[in-house]
Amino acid sequence: MTVLESIDPATFELIKDTGSIRSRYRDANSVYLGLQKVDHADPTSYRKFERFLVSLWRDDQYLFHRADRLETVVDGVTHPANAKDFRRIDDSSYYTDGSGVWRGGNAWTPILDADAETFEVLDDGFAKDAHHVWHRQKIVGGIDPATFHVSGGRAPEGQKSVSDAVPSKPAS
């Protein structure tokens, strides 16, 4: 069955008119982004997440970037973002649901293997948790997060600073 064949015309309605193929619709059974069904979305509770986050939508359970459910991987296990607990970390482009961490924007990128409980946003694109240091979404190898801090290029004796941090590998 095609998307058009699955639409219930009696309950089909426009949610958000973007003037393009990215308009959002729903019927009694599903949510659609253009002619693409948004899997896992509940049509009765589907809405925009925040006023300023154009590409992020939610229902009572999940978050969606465009037509994809927001997910992350922690210890090799895929977890969908929990819409009820999803929040911005400080005044940054990072968000958490208490289990995973994402960097928002045009593409919502999961920060793989991030420990949400100890995740801390630093300056100059850096972040750290109890186990890793990241520059944007890439793990910086060879740096102890317990001693790493951003200090404009200077660090107290025995500590690593921004000038020593060179992104070495993508988060896995």
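Definitions and cut-offs
Residues numbered from 1 in each chain as written. Predicted model: local features only at pLDDT ≥ 70, side-chain atom pairs only at ≥ 80, totals over all residues. Heavy atoms only, no water. Pairing = 2+ DSSP bridges. Helix = DSSP H or I, 4+ residues; strand = E, 2+ residues; numbered from the N terminus. Core = buried A, V, L, I, M, F, W, Y, C linked by side-chain atoms within 4.5 Å. Buried < 20%, exposed > 50% of the residue type's maximum accessible area, 1.4 Å probe, protein only. Contact = heavy atoms within 4.5 Å. pLDDT = per-residue confidence, 0-100. Salt bridge = Lys/Arg side-chain N within 4 Å of Asp/Glu carboxyl O.

Neighbouring strands of a sheet are bound in pairs by backbone hydrogen bonds; such pairs are parallel or else antiparallel. A sheet is described by the order of its strands in space; here 4 strands give the open sequence S5-S6-S7-S8, paired in antiparallel fashion. With one partner strand each, in any of the chains shown, strand S5 (47-48) and strand S8 (68-69) form the two edges of the open sheet.

Let's shift gears to the pairing of strand S9 (residues 71-74). By the bridge criterion, 4 bridges tie S9 to strand S10 (residues 77-80) in an arrangement that is antiparallel. Directly across from Val-74, in S10, lies its bridge partner Val-77. Adjacent in sequence and paired antiparallel, S9 and S10 are bridged by 2 residues, among which Asp-75 carries a positive phi angle near 50°.

Attention now moves to the nonpolar core. One finds Phe-49, Leu-53, Leu-56, Leu-63, Leu-70, Ala-81, Ala-83, Phe-86, Tyr-95, Trp-102 and Trp-108 forming the largest nonpolar core, which totals 11 residues. Ignoring sequence-local partners within four residues, the contact set of Leu-53 consists of Lys-48, Tyr-95 and Trp-108. In terms of nonpolar packing, the next biggest core, distinct from the first, is built from 10 residues, Val-101, Ala-114, Phe-119 and Ile-139 among them.

Moving on to the confidence of the model for the chain. Chain-level pLDDT for the chain is 84 on average; 85% of the residues reach the 70-or-more range. Scored below 50 in pLDDT, residues 166-170 shows 12 contacts in the model against residues more than four places distant or in partner chains.

Strand order in the open sheet formed by 4 strands is S1-S2-S3-S4, and the pairing between neighbours is antiparallel. In the strand order of this sheet, the two ends are held by strand S1 (13-16) and strand S4 (36-37), each with one partner. Here 3 bridges tie strand S2 (residues 24-26) to strand S3 (residues 31-33), and the two strands are oriented antiparallel to one another. Counted as the bridge partner of Arg-26 is Val-31 from S3.

Between side chains of opposite charge, a pair can form as their charged atoms come close. Under the defined criterion, the tally for this structure stands at 4 salt bridges. Between Arg-47 and Asp-60 there is a salt bridge whose closest N-O contact spans 3.2 Å. Taken as a pair, Arg-47 in strand S5 and Asp-60 in the loop between strand S6 (56-58) and strand S7 (63-65) lie far apart in primary sequence, 13 residues in all. For Arg-47, a relative accessible area of 33% translates into the label partly exposed.

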